[in-house]
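Each chain, written out:
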Amino acid sequence: MTRFNLASRLKISHLLFYSHLLLVMWLVFTMSYNRYNSEWSTRISHAVELARAVSNPIVDLVSLSASGRNYTNIRLNNALALYASSDRLLFFTVQAQSDFSEHEYSFAWSRELGDAFRTNLTFEDRLAQQIEIEALEQRLNTAGSDDVKLNFLLNRGKELLQRIEEDMGHTKQYCPQFKRITAIDDYYLDEDNAQLLLKQDLRNVAGGEIILSFDATPLLNVKSDIQFQLLKEASLAFLFSLLLIIWATRRIVKPLKNIALQMNRDVKDIDFTGEPEIERKDELGVVVRSLDSLAKKVQLQIVELEKRSAIDSLTGLGSRFLYESVKADFVAQTRRQGKYLGFLICDLDNFKAFNDMYGHPEGDRVLRRAGLTVQSALKRDTDGAYRLGGEEFIVLLQTQSAEDIQQIAVQLCAQLEGLEIEHLGNPGHLVLTLSIGVVCAKGVDLDSNVSMDQIYELADKALYRAKDSGRNAINVVHWKNGKEVINE
Ligand SMILES: Nc1nc2c(ncn2[C@@H]2O[C@H](COP(=O)(O)OP(=O)(O)OP(=O)(O)O)[C@@H](O)[C@H]2O)c(=O)[nH]1
């Protein structure tokens, strides 16, 4: 069952970027939210304190009037001026108990109306007043009455009735607005109606309360200002963090990509010199310097190994590895220089018999001497001798003529025979001898399709012919115009 692992599917750059982005979003959001809450509640507290300070003289006045159930005080000009003195106060409503009677004391004030009015008047109050007026009118019509006093009382009664009717009208008009504010605790910010409602206890003995409504438009404007300011600051913080995240992600991921690019190259070509990461003081700098030092060690070891694998340990001649790495260049170089290419396969005769008769260690010693002999036949830097394995050597020559090649081959056979190493298992010679298969090719005849492997095959065939001819012999093949010309 395959498990879905998101983290393993994401690139490091994505992982770093998204995790930090989420963290920053969360931090910016919570910090902004907390700051907003704290700023906003401070502003509300200030507004409430201000409203309380403004309402205190009104509370004093109303408490005094409620105590004596006096409705005249609250309508005096200086009282109305006091209510109107704060621009923000829109209206207030009072519910209290008189200190000297069972009667309830309630009235309201509205800035819109510019007046205070009783709010607890009923139809019975109006009827009672009408009845009182009618009674006064009857008494006035009765002969012998005190007309002046009765007229005064009648006029006052009528004024009172008019006031009752006006107050009842105002109550009907304004009280629905006031009703919704009766259930507040200490204060309430009504954002829908842009009003700050404040409740204060009255200071008369029987008690009561006043609820005042202040215009909260300026406070709500401040709220928008705070929100805008915080949004601006949060956006800036977010943008800055975003740039920081991108910079940090690039600073980690880019060097990793560079390291991966370098490590994908051939070991010999890995080189961190000049890469900016190598100078870094952080962990990535340490990693890059470690990789650089590792690459340099491996490169040195490769050079050492190549050196070792280029030389045949028994004879000191070039190894098969070296032969394989130079053969193509050798053909191309000979072609370019217009010289003759000489390819010699030299093979000790009846060497198996030598080993059998004189022992393998002796066979090794002889092989070493044969190698030295072959090496001594080389005259130019461009020439090379290789031991591909066993008792077989390859000699590569660049000469001015085909005769030179043939001559070197003849000399080689003679030199080895001249060592006079006893070999009783080599019939007809009784000393160690060498057979050579030779290929001579003129550089111009070697077109780019000709490979060293083709030449090897021809030389190998020539070697067999030399062996067949009785050993201690050479057989030469000339490569001309893409054809082989055998020359015994
Ligand atoms: N001592 C020694 N012998 C080796 C080495 N490499 C190969 N030989 C031996 O060389 C012999 C080569 O034998 P063959 O390939 O049969 O050929 P030959 O006996 O030389 O006969 P011809 O090539 O036909 O003349 C084998 O017996 C190998 O064991 C080596 O490094 N040291």
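Reading guide: rules and limits
Residues numbered from 1 in each chain as written. Predicted model: local features only at pLDDT ≥ 70, side-chain atom pairs only at ≥ 80, totals over all residues. Heavy atoms only, no water. Helix = DSSP H or I, 4+ residues; strand = E, 2+ residues; numbered from the N terminus. Buried < 20%, exposed > 50% of the residue type's maximum accessible area, 1.4 Å probe, protein only. Contact = heavy atoms within 4.5 Å. Areas by Shrake-Rupley, 256 points an atom, 1.4 Å probe, with all protein chains shown as cover. Axes fitted to C-alpha atoms, helices over the stretch in contact; angles between N-to-C directions. Parallel < 35°, antiparallel > 145°, perpendicular 65-115°, else oblique. Nonpolar A, V, L, I, M, F, W, Y, C, P; charged D, E, K, R; others polar. Expected span 1.5 Å × (residues − 1). Pairing = 2+ DSSP bridges.

> Help me get a handle on the overall build of the chain, residues and values and all.
Helix and strand counts for the chain stand at 12 helices and 12 strands. Looking at the 488 residues of the chain, the share that counts as buried comes to 40%. Of all intrachain contacts in the chain linking residues separated by at least 6 positions in sequence, the fraction that spans at least 24 positions is 66%. Here the chain displays about 28,300 Å² of accessible surface, and carbon together with sulfur accounts for 55% of that area.

> Can you explain the environment of Asp271? Please cite residues and give values.
Inspection of the secondary structure puts Asp271 in the loop between helix H6 (217–264) and helix H7 (283–310). Judged by its relative accessible area of 35%, Asp271 is partly exposed.

> I'd like to hear about the side chain of Ser319, residue by residue, with values.
Mapped onto the fold, Ser319 is located in the loop between H7 and helix H8 (320–337). On the basis of relative accessible area, Ser319 is assigned to the buried category, the value being 8%.

> Which residues make up the packing of H6 against H7, and what are the values?
The contact between H6 and H7 brings their axes to 11 Å, and the two run at 10°. Looking at the two axes, H6 sits roughly parallel to H7. For the pair H6 and H7, the contacting residues are Arg251, Ile252, Pro255, Leu256, Ile259 and Met263 in the first and Leu284, Val287, Val288 and Leu291 in the second. Grouping the constituent residues of the contact of H6 with H7 by class yields 9 nonpolar, no polar and 1 charged.

> Which residues make up helix H12 (residues 452–468), and what are the values?
Taking 1.5 Å of rise per residue, the 17 residues of H12 would be expected to cover 24 Å, and the 24 Å separating its terminal C-alpha atoms lies within 8% of that figure. For H12, the set of buried residues is Met452, Ile455, Leu458, Ala459, Ala462, Leu463, Ala466 and Lys467. In the stretch just after H12, Gly470 is the one whose phi turns positive, near 115°.

> Outline the sheet that holds strand E1 (residues 89–97), listing residues and values.
Strand order in the open sheet made by the 6 strands is E3-E2-E1-E6-E5-E4, with antiparallel pairing throughout. The sheet is open, and its two edges are formed by strand E3 (115–118) and strand E4 (187–190), each paired on a single side. Neighbour-to-neighbour, the strand axes of the sheet open up by a mean angle of 15°, direction not taken into account. One ladder, built from 4 bridges, connects E4 with strand E5 (residues 195–201); its direction is antiparallel. Its bridge partner lying in E5, Asp190 is registered against Gln195. Helix H3 (residues 77–84) rests against E1, strand E2 (104–110) and E3 of the sheet, and its axis sits at about 60° to E2.

Everything listed is a geometric property; what it means functionally is a separate question.
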